[in-house]
Amino acid sequence: MCLVHGTGGSSAVWAPQLDGLADLAHIVAVDLPGHGRSDGSIPKRIEDAAALVADVLDALRIGRIVIGGHSMGGAIAQQFALTYPDRVDGLILVGTGARLRVLPRLLDLLARDNAKGVELLMSLAIGAKAPADLRTALHRSTADNPPGVVLGDLQACDAFDVMARISTVAAPTLAICGEEDQLTPPKYSRFLGEHIRGASVVVVAGAGHYVQVEKPDETTAAMREFLVGLRRRAISAPGG
Ligand code: COA
């Protein structure tokens, strides 16, 4: 399975799943260029990021894979599924949507004052019930990005819109989101559930946009059930 982080994030945002799903899947959690431990310029467009993920998988000699992503990473996963349908065994979309318009005042603030912009972003992103230490850690890791990274990521999100095409995805799909997500509200996940054939939707109570770290057990359990279902399906398929 390949997992892609969101805006201003890194592979660290999947720590609970790397731990909790290690017995079930070999997981490649990428740091996109300009994020985490990867240097280079950040991808300007979601399409570019999806192509970079394909390059990473090529380098690892991985053909077909379950691909998942959070927020911007979920946009990249959708784009990957649309561009390389033959490479996708399953799609896991966490706190994301088929269109990711961004509040203009957030983009304006980030362009003028990165620190204040990150503050506004994180005040919307982290659920009200998240513990203080998680809130601090998420805020710090996002604020630590060089100025321009968070803004660039959100500009890529703002340009992303596959609402008219998402129904062509044929891969088994799971959409997960926090019930209190203000950035990609449950409505976005329900849209994915209604437009991708056979997709299931899990809305996690008491979580905001960072559902996979705010409610790690619930998110990991939903991913586990999905992965087990995929395995069963593969075994029962002709030739499986
Ligand atoms: N899935 C389902 N529905 C969606 C959607 C998605 N991915 N994206 C937008 N929509 C819906 C909206 O809810 C809206 O429905 P409504 O007319 O019934 O209210 C409609 O499509 C149009 O929305 P949108 O394209 O977003 O334009 P807008 O001008 O109405 O709103 C924002 C623009 C920025 C205010 C709005 O997108 C928003 O609040 N976004 C969330 C905050 C944010 O910045 N998120 C960051 C994402 S990374």
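Up top is the structure.
Residues numbered from 1 in each chain as written. Predicted model: local features only at pLDDT ≥ 70, side-chain atom pairs only at ≥ 80, totals over all residues. Heavy atoms only, no water.

Draft legend 1. Spatial organisation of the overall build of the chain. Counting secondary structure elements, the chain contains 10 helices and 6 strands. Whereas a compact globule of 240 residues would reach a radius of gyration of roughly 18 Å, the chain reaches 17 Å, a difference of no more than 12%. In terms of principal-axis extent, the alpha carbons of the chain reach across some 55 × 35 × 35 Å. The buried share among the 240 residues of the chain stands at 54%. Contacts in the chain between residues at least 24 apart in sequence constitute 73% of all its contacts with a sequence separation of at least 6. Carbon together with sulfur atoms contributes 53% to the accessible area of the chain, which is approximately 11,100 Å² in total. (Helix = DSSP H or I, 4+ residues; strand = E, 2+ residues; numbered from the N terminus. Rg over C-alpha atoms; globule rule 2.2 N^0.38 Å. Buried < 20%, exposed > 50% of the residue type's maximum accessible area, 1.4 Å probe, protein only. Contact = heavy atoms within 4.5 Å. Areas by Shrake-Rupley, 256 points an atom, 1.4 Å probe, with all protein chains shown as cover.)

Draft legend 2. Local environment of the site of the ligand. Neighbouring residues of the ligand: Gly97, Ala98, Arg99, Arg101, Val102, Leu103, Met163, Leu183, Lys187, Tyr188 and Phe191. A distance of 3.4 Å is found between a nitrogen atom of the ligand and a backbone nitrogen or oxygen belonging to arginine 101. Taking leucine 183, its main chain carries an N or O atom lying 3.1 Å from a nitrogen atom of the ligand. Of the residues contributing to the shell around the ligand, the split by class is 7 nonpolar, 1 polar and 3 charged. (Near = heavy atom within 4 Å. Polar contact = N/O pair within 3.5 Å; in protein donor to acceptor, adjacent residues only side chain to side chain. Nonpolar A, V, L, I, M, F, W, Y, C, P; charged D, E, K, R; others polar.)

Draft legend 3. Structural view of the side chain of glutamine 79. Following the sequence through the fold, glutamine 79 ends up in helix H3 (residues 72–83). Owing to a relative accessible area of 5%, glutamine 79 belongs among the buried residues under this scheme. Every residue in contact with glutamine 79, bar those within four places of it in the chain, is listed here: Ile46, Glu47, Ala50, Phe160, Val162 and Arg165.

Draft legend 4. Broad picture of the packing of helix H5 (residues 114–125) against helix H6 (residues 132–143). Relative to each other, H5 and H6 sit at 145 degrees, their axes nearing to 10 Å. Both H5 and H6 take part in a crossing whose hand is right-handed. Contact residues: Val118, Glu119, Leu121 and Met122 in H5; Leu138, His139, Thr142 and Ala143 in H6. Here the contact of H5 with H6 is composed, by residue class, of 5 nonpolar, 2 polar and 1 charged. (Axes fitted to C-alpha atoms, helices over the stretch in contact; angles between N-to-C directions. Left-handed = near helix turned anticlockwise from the far one by under 90°.)

Draft legend 5. Quick peek at the pairing of strand S3 (residues 65–70). S3 sits mainly inside the fold: 6 of its 6 residues count as buried. As defined by bridge partners, strand S1 (residues 2–4) adjoins S3 across 3 bridges and the pair is classed as parallel. For valine 4, the partnering residue across the bridge sits in S3 and is glycine 69. In this structure, S3 lies alongside strand S4 (residues 88–94), joined through 6 bridges in parallel fashion. Looking across to S4, one finds that glycine 69 is bridged to leucine 93. Running through H3, the crossover from S3 to the neighbouring parallel element S4 is right-handed. (Pairing = 2+ DSSP bridges. Right-handed = clockwise from strand over helix to strand, strands pointing away.)

Draft legend 6. Structural detail: the sheet that holds S3. Judged by pairing direction, the sheet is parallel, and its 6 strands sit side by side in the order S2-S1-S3-S4-S5-S6 without closing on themselves. Of all strands in the sheet, those bounded by a partner on one side alone are strand S2 (28–30) and strand S6 (200–204). Geometrically, the sheet is characterised by an average inter-axis angle of 15 degrees between neighbouring strands, direction not taken into account. For strand S5 (residues 173–178) and S6, the ladder comprises 5 bridges, and the chain directions are parallel. In the sheet register, leucine 174 faces S6, and the bridge partner there is serine 200.

Draft legend 7. Representation of the nonpolar core within the structure. Counting 79 residues, the largest nonpolar core has Met1, Val53, Ile76, Ile92, Ile176 and Leu227 as its most contacted members. It is H3 that contributes the most residues to this core, 7 residues altogether. Leaving out residues up to four positions away in the same chain, isoleucine 76 has contacts with Val4, Leu32, Ile46, Ala49, Ala50 and Val53. (Core = buried A, V, L, I, M, F, W, Y, C linked by side-chain atoms within 4.5 Å.)

Draft legend 8. Quick look at the pattern of salt bridges. As enumerated under the stated definition, the model contains 8 salt bridges in all. The salt bridge involving aspartate 23 is made with arginine 224; its shortest N-O contact spans 2.6 Å. In this pair, aspartate 23 is assigned in the loop between helix H1 (15–20) and S2 and arginine 224 in helix H10 (residues 216–236), connecting sequence segments 201 residues apart. Accessibility expressed as a relative area gives 27% for arginine 224, which makes it partly exposed. Across the pair lysine 116 and aspartate 113 runs a salt bridge whose closest N-O atoms are separated by 3.6 Å. (Salt bridge = Lys/Arg side-chain N within 4 Å of Asp/Glu carboxyl O.)

Just geometry here; none of it tells us what the structure is for.
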